[in-house]
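Structural overview
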Amino acid sequence: MGARGKDPQGVEDHSIHFRSDGLALSPADSARLLARLAENDRIAADEFSRGGVVTQLEERIAAMLGKEAAVFLPSGTLANHLALRLLTRRGRRVLVQRESHIYNDAGDCVQELSGLTLIPLAPERATFDLAEAAAEVARAEEGRVATPVGAISIESPVRRVVGEVFDFTEMQRIAAFAREQGIGLHLDGARLFLAHPYTGIAPQTYAALFDTVYVSLYKYLNAGSGAVLAGPCHLLENLHHQRRLFGGGLRQAWPYAAVALHYLDGFGERFGRAAKAADYLFGALQKHGSCEIVRSATATNVTRLRIRGRDAAGLPERLLEHGVAIRSPLRASAEGAEFELFTNETILRRPATETIEAFVKALGSE
């Protein structure tokens, strides 16, 4: 399985990493790619994040998600924030997963800057169920002072829960309930496009349940930064004013849009092959005497690898000698170590048998 890969300039690159969702392009890689795209594709520049290749990217992602419109934003934090500002017309409370990005990694921006109140559900889980959501909606309106829930935000896959997806059946039930109640629905789908090989559910099918959807441009589409928020025209048509209000109207965003648009072409097919190659690798490692592969039924591209042996923590250094990079262990002891492996397209740069051989050699001293 697998074939040798090339870097953005067509130069042979056999290195593989399991450190993140994307290719982890170096500044030199990115600069060479932009130069090539500018020469071959004649990139049309934008003006304060409007027009040119930015509009091309917005239209492409809107179509892929089945939405009327889409808007480029410089970060996922701002995309989630502005979506919740738009959707909280019924009330100022927002139901979220406790392990979500918007609750943990955004510095309370929606509370501080937009006066919204986040209500965390499902601690240490990817999914909250309809009963939990309905109970919180009822409780918010039955108090001495009614404080209605205006929106429900769901992140899927959930990075803080080892990349697990939100249960789709429960998502459908919650979406139907929210529609009945007039509650806005937002999907933090930063990693939505990479989930398809694992769920078999198309991004457009997920997106159809929600008013707004955010996808990341840097996590696996390899742009230096950026996000796109998609939704109906009546919500997004003047969003560029709020984007600028929050300091997000970049003078030019074409470098981000051009790279993301480049890698968006064929991404689903490539990542599907990457997921299969990773499954082949993990199956082989599971048979190794010192290894245990840990994956839940709802996992996507994040896998835990447990290694037994007192020298287990040194696995990253030994793998690097064979052109394979992984992160430092999540935890290590005299008995062994546990690592987190992220499947990405670099696994396609060499045959899977060679990658397996690299791991076996690095494990040889265990």
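What this report covers is the structure whose coordinates are included nearby. Because the structure is a prediction, the values reported are computed rather than measured.

**Remarks on the pattern of salt bridges**
For the structure shown, the criterion picks out 20 salt bridges. Linking arginine 160 and aspartate 105 is a salt bridge whose minimum nitrogen-to-oxygen distance equals 2.6 Å. Linking arginine 160 in the loop between strand E7 (149–155) and helix H7 (168–181) with aspartate 105 in the loop between helix H4 (101–104) and helix H5 (109–114), this pair joins segments that are 55 residues apart in sequence. For arginine 160, a relative accessible area of 45% translates into the label partly exposed.

**A closer look at the nonpolar core**
Membership of the largest hydrophobic core comes to 61 residues, with the highest contact counts inside it found for Leu57, Leu65, Phe128, Ile152 and Leu217. In terms of residues, this core owes the most to one element, helix H12 (residues 254–264), which gives seven residues. Once residues within four sequence positions are removed from consideration, isoleucine 152 is found in contact with Leu95, Phe128, Ile174, Ala178, Ile183, Gly184, Leu185 and His186. Formed by 27 residues, the second largest nonpolar core is a distinct cluster that contains Cys291, Leu305, Leu319 and Ala362.

**Remarks on the pairing of strand E10 (residues 227–231)**
Where a strand is regular, its side chains alternate between the two sheet faces. A large share of E10 lies buried, amounting to five of its five residues. In E10, alternate side chains face the same way, and those of Ala227, Leu229 and Gly231 on one face and Val228 and Ala230 on the other are all buried. Here strand E4 (residues 69–73) pairs with E10 via five bridges, running antiparallel. From the neighbouring strand, alanine 70 faces E10, where its bridge partner is alanine 230. Where strand E9 (residues 212–216) and E10 come together, four bridges link them in antiparallel fashion. Residue valine 213 lies in a different strand from E10, and its bridge partner there is alanine 230.

**Concerning the sheet that holds strand E11 (residues 291–294)**
Strands sit in the order E11-E12-E15-E14 across an open sheet of four strands; the sheet is antiparallel. What marks the edges here is a single partner per strand, and that holds for E11 and strand E14 (331–332). With two bridges connecting them, E14 and strand E15 (residues 336–342) associate as antiparallel partners. Counted as the bridge partner of arginine 331 is glutamate 338 from E15. Seen against the sheet, helix H13 (residues 267–286) touches E11, strand E12 (302–308) and E15 and runs at an angle of roughly 135 degrees to E11.

**A word on unusual backbone geometry**
A cis amide bond links serine 156 to the next residue, proline 157, at an omega of -5 degrees. Assignment of secondary structure puts proline 157 in the loop between E7 and H7. Within the chain, alanine 122 stands out as a residue other than glycine whose phi angle is a positive 60 degrees. Along the chain, alanine 122 falls in the loop between strand E6 (117–121) and helix H6 (130–142). At valine 162, a position not held by glycine, the phi torsion is positive, near 50 degrees. Inspection of the secondary structure puts valine 162 in the loop between E7 and H7. Judged by its relative accessible area of 22%, valine 162 falls in the partly exposed class.

**Details of the pairing of strand E5 (residues 93–97)**
Among the five residues of E5, four are classified as buried, and the element is accordingly described as predominantly covered. Across five bridges, the pairing between E5 and E6 is parallel. In the strand pairing of E6, leucine 95 is matched with isoleucine 119. Across three bridges, E5 lies against E7 in parallel orientation. Counted as the bridge partner of leucine 95 is isoleucine 152 from E7.

Definitions and cut-offs
- Residues numbered from 1 in each chain as written.
- Predicted model: local features only at pLDDT ≥ 70, side-chain atom pairs only at ≥ 80, totals over all residues.
- Heavy atoms only, no water.
- Salt bridge = Lys/Arg side-chain N within 4 Å of Asp/Glu carboxyl O.
- Helix = DSSP H or I, 4+ residues; strand = E, 2+ residues; numbered from the N terminus.
- Buried < 20%, exposed > 50% of the residue type's maximum accessible area, 1.4 Å probe, protein only.
- Core = buried A, V, L, I, M, F, W, Y, C linked by side-chain atoms within 4.5 Å.
- Contact = heavy atoms within 4.5 Å.
- Pairing = 2+ DSSP bridges.
- Axes fitted to C-alpha atoms, helices over the stretch in contact; angles between N-to-C directions.

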